[in-house]
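The primary structure of each chain is shown beneath.
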Amino acid sequence: QVQLVESGGGLVQAGDSLRLSCAASGRTFSSLVMGWFRQAPGKEREFVAAIRGSGMSTNYADSVVGRFTISRDNAKNTVYLQINSLKPEDSAVYYCAADPRIFITTRPVNYDYWGQGTQVTVSS
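Values in this document were obtained by computation on a predicted structure and should not be read as measured data.

### What about the pattern of salt bridges?
Note that side chains of opposite charge can pair when their charged atoms are close.
Then, in step 1: One pass over the full model with this rule turns up 5 salt bridges.
Then, in step 2: Two residues, aspartate 90 and arginine 38, come together in a salt bridge whose shortest N-O distance is 2.9 Å. Here aspartate 90 is found in the loop between strand 8 (78-83) and strand 9 (92-99), whereas its partner arginine 38 is found in strand 4 (residues 33-39), with 52 residues between them in sequence. Across the pair, exposure class does not vary: aspartate 90 and arginine 38 are buried alike.
Then, in step 3: When the shortest N-O distance is used, the salt bridge between arginine 101 and aspartate 99 registers 3.1 Å.
Then, in step 4: In this structure aspartate 99 comes out as buried when scored by relative accessible area, which is 0%.

Take a look at the structure:
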C-alpha cells in the first residue's frame, strides 16, 4: 500500500506560480513512477506529468509543456509539480498518483494509488 498526500493548491491569479507537493509513504518511493493528473468540473481526469523512479525520465501533456515541471526528492519521499504562468483553464483538482511499474504511462487506470487531491483555482 502507498499513501499519498497532496498540498500546495490554492486560489491564485493568472500569471502566478504554484508548487504542488505530494508526500508518499508505505512503499519504497524510488521504485514508483509518480504522476500528476487533474480534473476540472464536468471533465474527465487528464494526465499532466509523470516521472520515473530515478527521476531521469519525465513525460508531460502537450498542454503544459514549458509551464509545468515535475521533479522528485527520493530522500524526502516527495514529488513536486511546479506550475508557472498559470491560466484560468488550469483550474482543477490536482491529483498525485503512484504506479509500481517501471515505465511511465499516461493512463489513469494504470496508476494503483491516488491522493485525495488539492484544488487549484486561477482567477483571470
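From this point, things continue past the structure.
### What to know about the side chain of arginine 72
Then, in step 1: Examined against the element boundaries, arginine 72 turns out to sit in strand 7 (residues 68-73).
Then, in step 2: Although arginine 72 lies buried, it forms no salt bridge, and the closest oppositely charged side chain, aspartate 73, sits 8.4 Å away as judged by the N-O distance.
Then, in step 3: Engagement of the side chain of arginine 72 in a polar contact is seen with the backbone oxygen of arginine 52, the distance being 2.9 Å.
Then, in step 4: Discounting chain neighbours no more than four positions away, the residues touching arginine 72 are Phe29, Ser30, Leu32, Val33, Met34, Ile51, Arg52, Gly53, Gly55, Thr78, Val79 and Tyr80.

### Describing the pairing of strand 3 (residues 18-25)
Then, in step 1: Pairing between strand 1 (residues 3-7) and strand 3: 5 bridges, direction antiparallel. Each residue of the ladder has a partner; that of glutamate 6, found in strand 3, is cysteine 22.
Then, in step 2: With 6 bridges joining them, strand 3 and strand 8 adopt antiparallel strand pairing. By the bridge assignment for strand 8, leucine 18 is matched with isoleucine 83.

### A look at the state of the cysteines
Then, in step 1: Per the counting criterion, the structure on display carries 1 disulfide.
Then, in step 2: Two residues, cysteine 22 and cysteine 96, share a disulfide whose sulfurs are 2.1 Å apart. Between cysteine 22 and cysteine 96 the disulfide shows an S-S torsion of about -75°. By sign, it is left-handed. Of this pair, cysteine 22 sits in strand 3 while cysteine 96 is found in strand 9, placing the two residues 74 residues apart along the sequence.

Rules used in this analysis
- Residues numbered from 1 in each chain as written.
- Predicted model: local features only at pLDDT ≥ 70, side-chain atom pairs only at ≥ 80, totals over all residues.
- Heavy atoms only, no water.
- Salt bridge = Lys/Arg side-chain N within 4 Å of Asp/Glu carboxyl O.
- Helix = DSSP H or I, 4+ residues; strand = E, 2+ residues; numbered from the N terminus.
- Buried < 20%, exposed > 50% of the residue type's maximum accessible area, 1.4 Å probe, protein only.
- Lys, Arg positive; Asp, Glu negative; His and termini not counted.
- Polar contact = N/O pair within 3.5 Å; in protein donor to acceptor, adjacent residues only side chain to side chain.
- Contact = heavy atoms within 4.5 Å.
- Pairing = 2+ DSSP bridges.
- Disulfide = S-S within 2.5 Å.

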